[in-house]
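# Coordinates in review
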Amino acid sequence: MRMPKLTAVQKLRFVLGVVAAPLAPGLLFGLPDELFAPSPVGVVWSLKFAAIAEYPPIIFVGVPLYWFAFRKRPATFWRCMLIGFLLGAIAYLRAHVGVSTDGRLVTWDAMTLTIALLPVSMFCGGIAALCFWLIARPDKLRSARVS
């Protein structure tokens, strides 16, 4: 079974999902900070951080993985969530593994200080995947006409 041909509305929903989904965790963490405990960080900083942390993994890994994973099988909710958790882990690893600001390699000892943030990052990836799912509704592609 080939991937159904997408209509203009389905393409638009996919693009809107890819654009809006990475900002959902920023809103989730930034709005309560802005509404209940005003601070200099606030929602703008949270949205900027979410965009910087999540757009590269989504563009370079998520979109190709989505099309590869679902070209012959339906895009179920839980499969999209698993991709979201994976992208959250990739965002964490991209930020915390590699070369430090002074040019030295980050060691495992240094990384263990932040390893508690891995589940938080995976949770944020799951929130982004949920947002993508609600906007793009890839489960509706099954009812599209196959060409």
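The rules behind these values
- Every chain begins its residue count from 1, and numbering advances along the sequence as written.
- pLDDT decides what is reported in this predicted model: residues at 70 or higher carry local features, side-chain atom pairs at 80 or more are listed and counted, and totals for whole chains, interfaces and linings draw on all residues regardless.
- Side-chain metrics in this entry use all non-hydrogen atoms of the structure; hydrogen atoms and water are not considered.
- Numbering of helices and strands starts at the N terminus; helices are DSSP runs of H or I of at least 4 residues and strands are runs of E of at least 2.
- Note on classification: 1.4 Å probe, protein chains only; a residue is buried when its accessible area is under 20% of the maximum for its type, exposed when over 50%, partly exposed between these limits.
- Residue contacts are defined here by distance: any two heavy atoms, one from each residue, within 4.5 Å place the two residues in contact.
- The set of buried Ala, Val, Leu, Ile, Met, Phe, Trp, Tyr and Cys residues whose side-chain atoms join them within 4.5 Å is what this entry labels a nonpolar core.
- Computed over the protein atoms alone on a 1 Å grid, cavities are sets of points where a 1.4 Å probe fits but cannot get out and pockets are open sets with protein on both sides within 12 Å along at least five of seven lines; a residue lines them when it has an atom within 4 Å of a point.
- Grid points are joined across faces, edges and corners, and a volume is the space filled by probe spheres set on the points.
- Each residue receives one of three labels: charged for Asp, Glu, Lys and Arg, nonpolar for Ala, Val, Leu, Ile, Met, Phe, Trp, Tyr, Cys and Pro, and polar for the others, Gly being one of them.
- Here a pair means two rings of Phe, Tyr or Trp (six-membered ring of Trp) with centres within 6.5 Å. Their orientation is stacked below 30 degrees between planes, edge-to-face above 60, and tilted elsewhere.
- On a scale of 0 to 100, pLDDT captures the predictor's confidence in every residue.
- Whenever a helix is involved, its axis is fitted only over the stretch in contact; in every case the axis is a line through C-alpha atoms, and angles between N-to-C directions fall within 0 to 180 degrees.
- Crossings are assigned a handedness: left-handed for a near helix turned anticlockwise from the far helix by less than a right angle, right-handed for a clockwise turn.

## A few points about the overall build of the protein
Per the secondary structure count, the protein includes 6 helices and 0 strands. Helices and strands appear in the protein in the N-to-C order α-α-α-α-α-α. Counting all 147 residues of the protein, 33% fall into the buried class. Long-range contacts, defined here as pairs at least 24 residues apart, represent 72% of the contacts in the protein between residues at least 6 apart.

## Here's the deal with the nonpolar core
Residues Tyr66, Phe70, Cys80 and Phe132 are the most contacted members of the largest nonpolar core, which totals 17 residues. Every element with two or more residues in this core is listed here: α1 (8-20), α3 (42-69), α4 (77-96) and α6 (117-136). At 5 residues, α6 tops the list of elements feeding residues into this core.

## Concerning the environment of Ser46
For Ser46, the position within the fold is in helix α3. With 22 residues separating them along the chain, Ser46 and Ala24 place their C-alpha atoms 9.9 Å apart. When neighbours within four sequence positions are excluded, Ser46 is seen to be in contact with Gly26, Phe29 and Gly30.

## Brief notes about the layout of surface pockets
By volume, the largest pocket is sized at about 740 Å³. As for the largest pocket, its lining consists of 37 residues, and the residues nearest its centre are Glu54, Ala91, Ser121, Cys124 and Gly125. Elements with a contribution of two residues or more to the lining of the largest pocket: α1, α2 (24-36), α3, α4 and α6. Residue composition of the lining of the largest pocket, by class: 26 nonpolar, 9 polar and 2 charged.

## Overview of the packing of aromatic side chains
On inspection of all chains with the given rule, the structure shows 8 aromatic pairs. Considering the side-chain rings of Phe14 and Tyr66, the 5.3 Å spacing of their centres and the 40° angle between planes classify their relative orientation as tilted. With Phe14 in helix α1 and Tyr66 in helix α3, this residue pair connects regions lying 52 residues apart in the sequence. On the numbers, 5.1 Å between centres and 50° between planes, the contact of Phe14 with Trp67 is tilted. One end of the pair, Phe14, is in helix α1; the other, Trp67, is in helix α3, and 53 residues separate them in sequence.

## Some details on the confidence of the model for the protein
Caution applies to low-pLDDT parts of the model: their predicted coordinates are not meant to be read in detail. A residue-level look at the protein finds 80% of positions with pLDDT of 70 or above and a mean pLDDT of 80. Considering each helix and strand of the protein separately, the mean pLDDT is smallest for helix α5 (residues 108-112), with a value of 65, and largest for α6, with 91. Note on residues 143-147: pLDDT is under 50 here. Beyond four places in sequence and across chains, it has 8 contacts.

## Topic: the packing of α1 against α3
Contact geometry of α1 with α3 gives a least axis separation of 10 Å together with a crossing angle of 145°. Seen from above, α1 lies across α3 with right-handed handedness. In this structure, α1 uses Phe14, Val18 and Val19 to contact α3, whose residues at the interface are Tyr55, Ile58, Ile59, Val63, Tyr66 and Trp67. Of the residues contributing to the contact of α1 with α3, the split by class is 9 nonpolar, no polar and no charged.

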